[in-house]
Amino acid sequence: MTYPCFRFLPTCRFLPASLWAALIIPISLFSPAAPASTHEFILGNGLRLIVKEDHRSPVVISQIWYKAGSIDEVNGRTGVAHVLEHMMFKGTKKVPGGEFSRLIAAAGGRENAFTGQDYTAYFQQLHKSRLPLAMELESDRMRNLVLTEEEFSKEIKVVMEERRLRTDDQARSLVHETLMATSYQSHPYRHPVIGWMNDLQNMTVEDARQWYERWYAPNNAVLVVVGDVVPRQVFDLARKYYGQIKKAKSILPLDQRKPQIEPKQLGIKRLTVKAPAQLPYVAMAYHAPSLRKPEKDWEPYALEMLAGVLDGNESARLNKVLVREQRVASAAGASYDSTARGPAAFYLDGTPSEGKTVVDVEAALRAEIERLVREGVTEEELARVKAQVVAGHVFQLDSMFFQAMQIGQLESIGLSYRDVDIILRKLQAVTPEQVRDVAKKYLKDDNLTIAVLDPQPLEQKAPAAVPAGLRH
Amino acid sequence: MLRHLFFLLLGFYSQWAYATLPIQHWQAASGARVYFIESRDLPILDVSVDFSAGSSTDTPDKSGRAGMALHLVNLGAGGLTEDQLTKGFADVGAQLGAHFDQDRAGITLRTLSSARERNRALELFGKVIQHPEFPEYVLEREKARVIAGLKEADTKPGNIADRSLMKMLYGTHPYGLRGSGEIESVSKLGRQDLIDFHRFLYTSGDAVVSIMGDVSRDEAAAIAESLTRDLSRERRGQSIPEVTPPAPDTQRIAHPATQSHIQLAYPGLKRDDPDYFPLIVGNHILGGGGFTSRLMEEIRQKRGLAYSVHSSFTPLKEEGPFEIALQTQKEQSEEALSITRKVLADFIAGGPTEKELIEAKKNIIGSFPLRIDSNKKILGYLAMIGFYDLPLTYLNDYVKAVSKVTISQVTQAFQRRINPSGMVTVVVGLPDTSGK
């Protein structure tokens, strides 16, 4: 009966419930995979290929990650990265219409795609013998997509329905969207991945085409293959299918794109969202650094451990104190993900219990932060979080999907899959003093945006008369 | 080139040799049935312990009892407080999980297989399964949290639709009870209800222990024993009444959301249903097969009416629901509903085409290795096979049975089992014409 702690999920083309559950697990530093059997290659056209062997089952997952997400969008065209992701299934000259999906399905495969703030990724999971088919189809649509007005006009409606479903009709999603839009005043993370509705209503097939032509090229992509494969053979396949695609000269590498550094926040920001709901809710975001130099940085690791101490397990502080002891909240959470191309944030949230208010919950959350800064954390608490890091690292090896996700995420934000070992080691080395130091440095009011959900009753105007003949 | 590939695929799936999962099965001295696969690839141990203690064991006045009992097992057990238990699991990096539906309540453990971590996690796990204490103060607190959650859920269009649909579909049958209970029934649950419930239904005679991973058979046997030996040995053999067809009806419920949530249902499949495979394969074509299904094609691909539309069977001991669900802008909800009904009616009247059937089989059979490519997925199958007493060769039989399904079997099974004009339907969120 716990509410999921809020996270900003990548927006997907289509996601069965099972996969949602999978994505809700934080794909952050808490469960790195060992790169022992991982191999990297680079094609002449700049395409990076990372192959990780996992021979437990005769299957493979192939993911292509493009370094283009909502962070690369500009005003008036928000949501275009995600719209293009949908359009990528609309066919090429060689593989028209929905033939891509039919071919993968007939090969016993599963496929999907997702768009995040920092990247857009497409994947197929299938029997290892079908990897050539996945590569043939995926490489074909890297350059040969056919974008038509007719298909666009239907698909943009699907995307608007997705926005209604995921955001407009979800009180807490609206809170998070508004929180981000307020916390960042200039950085593009202020825009939702799905895009603002008005931008979607005014988007054209030409916007999608420009996006595609600008970002979809081998030198802006990373191909990640995990499964029961021989790395050299995968490389040969990649050369065969992707090798002849020309690199795009105009694409800027990540470190040459505009940095768009967020101006320093000058004081606390507060906002209220009114939406139909029963329970009030409060969410807080503090600006925090993301991981840049895995070997040198220490603050992001300390912030990860801080989130673990607050909310890394059932016995962690927020659940123990706010939910169980004080009973001020029916749920409370903390989260931080250090892996991002742009800046990171440290989040706290809570739902007041019956008879309590968002003011009480905010006060209780702040009291926990003050206690952290005043008293620090114990060795015992930190050891507990570290035990989970170690176990999570092993547990992740059970899922090829997560192994591929982790490699792709790191690679597409400018880090390397090789950093996983460093990250694991550095997390283990975090001290109680470091946790206290980052709490003191970053969890302060001038850095904070607080969003409150003001629940509105479900009043509704009289429903329309039911059309005759539709009632059974 | 691709066309060529496509035709080569036709005979493809038949060449695959599916190794039978090496399931070992025995009965523990406690009476529990044990299902075990030894796998040394990863230093992980996964365990699931399942009981016939799902939401269908509730009654209207005790609705929510089964779910509450499961929710509370790890919040005070065997002389340890919730804090001691949750710290204990966290200290060794172990993860507790749960499975809960109309038939079943299952508790899962994932731990490292190294001796220190494993022994500690299993020791705590044994307390949670066999000696939960349901402390009064925990129950009061969790009741308040559940009730808050129910109040919230009752404002969400998807939840309102689910709940109305299940009431219409099942009436007074226990499958119509909401797993989390109702505000009134949950508020009346007492500690003794949960103690009695656990004593009565969490018995070793009914327990299924599934073990997957890095232990030997002897170790697995000792684990199964230690997790169930303190339970009552009774075999309750819970019986669930038969499901009868619902009174056809369409409910329309107002809601301020921008979209309508549209859901249709009819009684569907039993776990041991003779029509199991024709209906599963047929549903793949109708609306279960993702982007290649008829509903997806007509609702989303051709008309852009919805982001998600699908149909599903949920097989249970008795007939679980057959459901279709979609969400669309309110203004077009009647259009979407009538297209959905037409797709369903056409499918039932005409059945699938030869091409559709071949492609569905290729996907279901060809994707089979993906269903068992991790310890966690395999554990889920072990628990399911054990709980429903399916043959150990179930997964192999599944592939063979799918390959044998014919067009006329699909057509006849749907015509016999799903009455398109007898469906129950709910639309939450109605077009607003009051201002027009």
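Not measured: the values here are computed from a predicted model.

Remarks on the overall build of chain B
Check the secondary structure of chain B and you find 17 helices and 11 strands. Dimensions along the principal axes, computed over C-alpha positions, put chain B at roughly 60 × 60 × 35 Å. Burial status across chain B gives 55% buried among its 436 residues. Long-range pairs, those at least 24 residues apart, make up 81% of the contacts in chain B with a sequence separation of at least 6.

Topic: the nonpolar core
In terms of nonpolar packing, the biggest core is built from 271 residues, with A:Met284, A:Met305, A:Leu306, A:Val435 and B:Ile211 touching the most fellow members. In this structure A:Met284 touches A:Tyr347, A:Leu348, A:Asp349, A:Leu365, A:Leu448 and A:Ile450, once residues within four positions along its chain are discounted.

Some details on the sheet that holds strand 3 (residues 44–51) of chain B
Residue and element names in this part refer to chain B. Judged by pairing direction, the sheet is mixed, and its 6 strands sit side by side in the order 1-2-6-3-5-4 without closing on themselves. Every interior strand has two partners, whereas the edge strands, strand 1 (24–27) and strand 4 (95–100), have only one. Averaged over all pairs of adjacent strands, the angle between their axes in this sheet comes to 15°, without regard to strand direction. As paired elements, strand 2 (residues 33–38) and strand 6 (residues 208–213) share 6 bridges and run parallel to each other. Along strand 6, the bridge assignment pairs glutamate 38 with glycine 213.

What to know about the domain arrangement of chain A
Residue and element names in this part refer to chain A. Domain boundaries assigned for chain A yield domain 1 (11–256) and domain 2 (269–456). Placing a centre on the C-alpha atoms of domain 1 and another on those of domain 2 gives a separation of 27 Å. Listed per partner, the contact involves 41 residues of domain 1 and 49 residues of domain 2. Secondary-structure elements contributing two or more residues to the side of domain 1 that touches domain 2 are strand 3 (48–53), strand 4 (59–66), helix 6 (171–183) and strand 7 (221–227). Broken down by class, the residue content of the side of domain 1 that touches domain 2 amounts to 23 nonpolar, 11 polar and 7 charged.

Some details on the UniProt feature "domain: Peptidase M16 C-terminal" (unreviewed entry) in chain B
Mapped onto the present numbering, the UniProt feature "domain: Peptidase M16 C-terminal" (unreviewed entry) falls on residues 189–363 of chain B. Annotated as residues 189–363 of chain B, this span is 41% helix and 19% strand, and its ends, taken at the C-alpha atoms, are 46 Å apart.

The rules behind each value
Residue indices begin from 1 for each chain and proceed along its sequence in written order. Both sets of labels track the order of writing: A upward for chains, 1 upward for ligands. Given that this is a predicted model, residues contribute local features only at a pLDDT of at least 70 and side-chain atom pairs are listed and counted only at 80 or more, while totals for whole chains, interfaces and linings are drawn from all residues. Helix and strand definitions here come from DSSP, where helices need a minimum of 4 consecutive H or I residues and strands a minimum of 2 consecutive E residues; each element is numbered from the N-terminal end. Counts of 20 or more other C-beta atoms within 10 Å of a residue's own C-beta define buried residues, counts of 12 or fewer define exposed ones, and intermediate counts define partly exposed ones; C-beta atoms are placed from the backbone. Residue pairs qualify as contacts under a 7 Å threshold applied to their C-beta atoms, which are placed from the backbone. For this entry, the nonpolar core is defined as buried Ala, Val, Leu, Ile, Met, Phe, Trp, Tyr and Cys residues connected by C-beta atoms within 7 Å. Pairing between strands requires that DSSP locate at least two bridges from one strand to the other. To obtain each axis, a line is fitted to C-alpha atoms, and for helices this fit is confined to the stretch in contact; angles are then taken between N-to-C directions over 0 to 180 degrees. Domain delimitation in this document rests on an assignment produced automatically or drawn from a domain database. Only Asp, Glu, Lys and Arg are considered charged in this grouping, and only Ala, Val, Leu, Ile, Met, Phe, Trp, Tyr, Cys and Pro are considered nonpolar; every other residue, Gly among them, is considered polar. UniProt positions are given in the numbering used here, feature names are shortened, and annotations may be inferred rather than shown by experiment.

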